[in-house]
Amino acid sequence: MSTISANVKKRADYQSADFTINKVNLEFELHATATRVVCITQIERQGNHHRPLVLDGESLELLSVAINGVAQTDYKIEPDSLTVPTELDKFDLRVENIINPQENSSLEGLYLSAGAFCTQCEAEGFRKITYFLDRPDVLAAYDVKIIADKTQFPFLLSNGNKVAAGDLPDNKHFISWQDPFNKPCYLFALVAGDFDLLEDTFITQSNREIALQLFVDKGMLDRGPHALESLKKAMRWDETEFGLEYDLDIYMVVAVDFFNMGAMENKGLNVFNSKFVLANSETATDEDYFNIEAVIGHEYFHNWTGNRVTCRDWFQLSLKEGLTVFRDQQFSADMGSPIVNRIKNVRVIREHQFAEDASAMSHPIRPDEVMEMNNFYTVTVYDKGSEVIRMLHTILGKQGFLAGIKLYFERFDGQAVTCDDFVQAMEDANGKDLTQFRLWYSQSGTPNIAVFDEYDSDTKTYKITFKQSHKATFDQQEKQNLVVPIQFSLLNSGDSQQHTLELTATSETLEFKDVGTKPTPSLLHNFSAPVKLSYQYKQSELADVMVKSPDDFARWDAGQSLFSKCIHKASGLTDAEGQQLIADTVKYFEEVINSKDIKDDLKTEILTVPSFESLFQQADSVDIDSLYKSRKQLLTQMGQTFETQWNNIYHNKTKQKYAYNQKQVEQRKLTNLALKYLSLGNQTLAKELIKEQFSSCDNMTDSLGALAAAQTCDLDLFEGLMQRFEEKWHSDPLVLDKWFSLHANTDRHDILSRIELLMSHSQFTINNPNRVRALVGTFAFYNVKGFHNLNGSGYKFVADYLIKLNSVNPQVAARVITPLIQWQKVDKTRQELMQHQLMRIGDTQGLSKDLFEKISKSLP
Ligand code: TRP
Ligand code: ZN
């Protein structure tokens, strides 16, 4: 393995900056290969010391350094810094340098996306633009002047308000921007290009008019309205739910095609992956519509939770991300179906966050050690971070939580603070001791909650015991007891109340008197804590919870447990025994599928068999082949047993013109599930329905529903339809990503040569993260049989690709490697094959810090 001097930064080593920056004056003269940057800053020494000024910088060509107008020569340039000796306490620094956006394939710093200039500075990308104190606790006001060719780049955008514009010689022009709010440099943004512009206005609760501007690629105007509508909903929602109003007079959103993540909350100028902006009924699925609303909300909510109050250092990332994910989840729930949303959140936790906890990348929501910050934009920091905020919300109640938020803004507006500052505000506003609760920030791993009960029919007493235990994780041996809020109720007990236990000790027993019959506990309502909970349910008891619980989440969860227990058990039985168990289990779902009372949104979720990924996380070690096979058998049985019902559901759908609304979304989801089951239960019938649907539907959700059903039903049919799809959409890369993705998770023996072929498609390029994720990412994460092929070919294929991607885009490579480092639960043979590939990647010349950190952690 290549050796990179393991430069680990520790949370405990935090020190405030030696200097601060009060004012930033930036000038850009844009050029594809040689952009000139002039950065003038007012710098002030902090405290009493004589240390020189050390600025961060990477891949910069320095032209000159001046202090108070005097050119300097005794500075020192290193690969990642510039040291300027000075004894002055307060001075103006002028740095001039050249950067090459065209060569920048990392998509961090200033780069070109399909001809447009754009920036991505979080977490530490500003140092690829100019020498600077690139840390979130240095906040300043920015003035930015952008100069570029007027024809090619009519729009020149940056944060804040436009203050000047004018023409220059040689067909150039300039525009100047001023951001009145102090910000850390990670929130800086610049965009230059030619776009189509969609405009609107929003009137705030205090009657201020905000200009809303959405910039999209030329010709994409008709795909913009949903994002703009979502933005207005988010702005209104933050006012009514949190009392938070937008602060600048203009809010800009730019959609770009080349982007490493979902979107970025730069002050007043959000930059989005176009996947999370562009939608119309023909090109976008219901899921796309949902995601756009969620991501637009997320970035907007950052304006207060992230921008007005920001992070002191990057170890505190969950301060803004956990809280903002919680806010966007609440927003989505309010805009649509609360139960579907909650299930969605929980699936992410169980499929991906639990996997991270069980891997060598395990870390607390506030990490203690980081080599490459980009590696810590994780499901743990984001999604478990949100669950921790949700637990505070549960423990303090809505009013208490809002009081804490209010105090948080009163205390910290305009500052860079820590997770502990946040909890302190919650504590002070509520007079509640959160000492033990704080351990959620420092402890990694998934807690286990074991539940036992006993019923005494003589004394009519019911006792229920909750016990917490914590396994060591890769990063942490010692664990402590956490505060675990557990919401539950007792079915068949005459007590219809929901109880909340705040479990703090190792074990706690609750006693209920005058209980007429032995109750069945309905546990962990609404997934009140991010834990694995176990209770020895009989199948009939789970069925009882599934149909009777007052909590919709618990109903769904009981159904999922029925399915998963059956699959795990069947995978260890003979074929005949397994089939019998599966057939018996499926019968419990008859009441659900026939029910007139269960609403369609919940019904669809209950009737959906757990994903392979979530089944995988439930066991300590997994026999991949038999688990896969049992799951498939269960799916088939669901299709066959309820063929009549699926057929009825399918044919009961009402034909109507596409609209993205709650009712239609639910119906499409249910009928496409029915089609999928029919494709397992009655192939002949399904084939006809699939062809019909594919040809006649007016929207992308149903097109993809047909394709997905064909994929399980008949590969020849699938191939034919996929070809038609490609003919229609070959010049639309965002739509084609769905096609790449479907190909990549197809179960076929020649999958690798198929993917190879797809990589030569004219729309595929290793430089675009969306393409790479759609094809290689989908294969690695979701093509169980292909990726885990016992001959090791799947692992090798991914490794070969990552070796190439390492030099193009380290951030994306480090994401796609995730399934390869999660070898802990698979059999020995596969473990060795995976580790062998990790070692091969580790030997790559010029291995990035991003990959090095993950590989070195995960090799035994
Ligand atoms: N702050 C962004 C968000 O969650 C995340 C993000 C966007 C990001 N682009 C990035 C993080 C690039 C790291 C690198 O909304
Ligand atoms: Zn975010």
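About the cut-offs
- Residues numbered from 1 in each chain as written.
- Chains lettered and ligands numbered in written order.
- Predicted model: local features only at pLDDT ≥ 70, side-chain atom pairs only at ≥ 80, totals over all residues.
- Heavy atoms only, no water.
- Helix = DSSP H or I, 4+ residues; strand = E, 2+ residues; numbered from the N terminus.
- Rg over C-alpha atoms; globule rule 2.2 N^0.38 Å.
- Buried < 20%, exposed > 50% of the residue type's maximum accessible area, 1.4 Å probe, protein only.
- Contact = heavy atoms within 4.5 Å.
- Areas by Shrake-Rupley, 256 points an atom, 1.4 Å probe, with all protein chains shown as cover.
- Lys, Arg positive; Asp, Glu negative; His and termini not counted.
- Charge placed at Lys NZ, Arg CZ, Asp CG, Glu CD.
- Pairing = 2+ DSSP bridges.
- Axes fitted to C-alpha atoms, helices over the stretch in contact; angles between N-to-C directions.
- Near = heavy atom within 4 Å.
- Polar contact = N/O pair within 3.5 Å; in protein donor to acceptor, adjacent residues only side chain to side chain.
- Donors = N, O, S within 2.8 Å, 3.2 Å for Na, K, Ca; no water.
- Tetrahedral: all angles 85-135°; square planar, octahedral: opposite > 155°, others 65-115°.
- Parallel < 35°, antiparallel > 145°, perpendicular 65-115°, else oblique.
- Left-handed = near helix turned anticlockwise from the far one by under 90°.

Caption draft 1: Structural view of the overall build of the chain. In terms of regular secondary structure, the chain is built from 28 helices and 31 strands. Relative to the compact-globule value of 29 Å for 860 residues, the chain shows a C-alpha radius of gyration of 28 Å, a close match. In the chain, which comprises 860 residues, the proportion classed as buried is 60%. Summarising the internal contacts of the chain: among those between residues at least 6 apart in sequence, 70% fall at separations of at least 24. Carbon together with sulfur atoms contributes 48% to the accessible area of the chain, which is approximately 33000 Å² in total. Of note, the chain has its 89 positive side-chain charges centred 3 Å away from the centre of its 118 negative side-chain charges.

Caption draft 2: Just the sheet that holds strand E26 (residues 461–469), in detail. The strand order across the open sheet formed by 4 strands is E29-E26-E25-E31, and the pairing between neighbours is mixed. Edge strands, defined here as strands with exactly one partner in the open sheet, are strand E29 (507–512) and strand E31 (532–535). The sheet shows a mean angle of 20 degrees between the axes of neighbouring strands, taken without regard to direction.

Caption draft 3: Spatial organisation of the site of ligand 1. Taken together, 16 residues form the shell around ligand 1, and within it Glu122, Ala263, Glu265, Glu299 and Tyr382 come nearest. Between ligand 1 and the protein, one listed contact pairs a nitrogen atom with a side-chain N or O atom of Gln120 at 3.2 Å. In this structure, a nitrogen atom belonging to ligand 1 sits 3.4 Å away from a side-chain N or O atom of Lys320. Summarising the interface, the protein chains cover 97% of the accessible area of ligand 1, which totals 370 Å² for the free molecule.

Caption draft 4: Structural detail: the coordination of the zinc ion (ligand 2). Each protein donor to the zinc ion (ligand 2) is listed here as His298 (NE2), His302 (NE2), Glu321 (OE) and Glu321 (OE); together their distances run 1.9 to 2.7 Å. Around the zinc ion (ligand 2), the 6 donor atoms sit at angles spanning 46 to 161 degrees, and that spread fits a shape best called irregular. In the primary structure, the donors to the zinc ion (ligand 2) are separated according to the pattern H-x3-H-x18-E. Taken together, the residues span a long stretch of sequence, with His298 in helix H2 (residues 286–301) and Glu321 in helix H3 (residues 317–335) at a distance of 23 residues. Exposure class is identical for His298 and Glu321. Each is buried.

Caption draft 5: Examining the packing of helix H19 (residues 715–729) against helix H20 (residues 733–744) more closely. For the pair H19 and H20, the least separation of the axes is 10 Å and the interaxial angle reads 160 degrees. By the criterion of interaxial angle, the relationship of H19 to H20 is roughly antiparallel. For the crossing formed where H19 meets H20, the hand is left-handed. In this structure, H19 uses Phe718, Glu719, Met722, Phe725, Glu726 and Trp729 to contact H20, whose residues at the interface are Val735, Leu736, Trp739, Leu742 and His743.

Caption draft 6: Expanded view of the side chain of Asp313. Along the polypeptide, Asp313 turns up in the loop between strand E22 (310–311) and H3. One polar contact links the side chain of Asp313 to the main-chain amide nitrogen of Phe315, over a distance of 3.0 Å. What Asp313 contacts, discounting residues up to four positions off in sequence, is Tyr14 and Pro136.

Caption draft 7: Region of interest: unusual backbone geometry. Of the consecutive residues Glu122 and Ala123, the connecting peptide bond is found in the cis state with omega at -5 degrees. Mapped onto the elements of the fold, Ala123 is located in the loop between strand E11 (116–120) and strand E12 (140–149). Residues other than glycine seldom take positive phi values, yet Phe527 does so here, at roughly 50 degrees. Here Phe527 lies in the loop between strand E30 (520–523) and E31. Judged by its relative accessible area of 0%, Phe527 falls in the buried class.

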